[in-house]
Amino acid sequence: MKSGKQRRRELKARRQRKREKIHAATVAEKAERGVAVVVTELAPCNSYGVPRFVVRGYYVDVDFTCVDCGVQQVWTAAQQKWWYEVAKGYVYSTASRCRACRRQERERREAARRAHLRGLADKRQRVAE
Ligand SMILES: [Zn+2]
């Protein structure tokens with residue numbers, strides 16, 4: 001007859017094996033389904049919540065409508081991985097503009113910044129005179 005200690009050790013080993021098996025299965029499954037999320041590469045975030053794609057463990061293509069021109073677009077899993085893990089985009093941010101409108105918006109912002117800096121320089125010039 002086995003002692004309680006032996007029995008507990010056996011049960012523990014069995015549970016560990018089962019856990020490893022489940023873990024291996026989910027990792028393989030996720031890799032098969034799409035682009036896996038590498039949580040350690042995400043930008044730090046102080047939210048208590050967890051983004052849906054992190055819970056899911058992989059990125060999926062997302063349909064969105066451009067806020068400027070209204071064109072229907074797809075934000076692909078690969079683009080999301082780049083945005084969140086390489087560019088370190090905020091984890092709760094999502095695509096809102098198509099490529100053309102994004103470039104236009106960037107140009108508009110740069111022009112506005114140049115105008116602002118020019119204004120400041122002019123003001124300083126006037127104050128100095
Ligand atoms: Zn657009």
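Residues numbered from 1 in each chain as written. Predicted model: local features only at pLDDT ≥ 70, side-chain atom pairs only at ≥ 80, totals over all residues. Heavy atoms only, no water.

Asker: Tell me about helix 3 (residues 77-86), and please be specific about residues and values.
Answerer: All of the buried residues along helix 3 are Ala77, Gln80, Tyr84 and Glu85. The buried side chains of helix 3 occupy one side of the element, clustering within an arc of 100° when seen end-on. Facing away from the buried side of helix 3 by more than 90 degrees, the exposed set consists of Ala78 and Val86. Lining the buried residues of helix 3 we find strand 1 (35-36), helix 2 (52-56), strand 2 (58-59), strand 3 (62-65) and strand 4 (72-75). Looking one or two places after helix 3, you find Lys88, whose phi comes out positive at around 60°. (Buried < 20%, exposed > 50% of the residue type's maximum accessible area, 1.4 Å probe, protein only. Helix = DSSP H or I, 4+ residues; strand = E, 2+ residues; numbered from the N terminus. Arc of directions from axis to C-beta. Contact = heavy atoms within 4.5 Å.)

Asker: For the nonpolar core, give the residues involved together with the corresponding values.
Answerer: One finds Val37, Leu42, Phe53, Val54, Tyr59, Phe64, Trp75, Ala77, Tyr84, Val91 and Ala95 forming the largest nonpolar core, which totals eleven residues. Taken together, the elements giving at least two residues each to this core come down to helix 2 and helix 3. Those residues within four positions of Trp75 in sequence are excluded, and the remaining contacts are Val60, Asp61, Val62, Phe64, Gln80, Trp83, Tyr84, Ser93, Thr94 and Ala95. (Core = buried A, V, L, I, M, F, W, Y, C linked by side-chain atoms within 4.5 Å.)

None of the figures reported here should be taken as evidence of function without further support.
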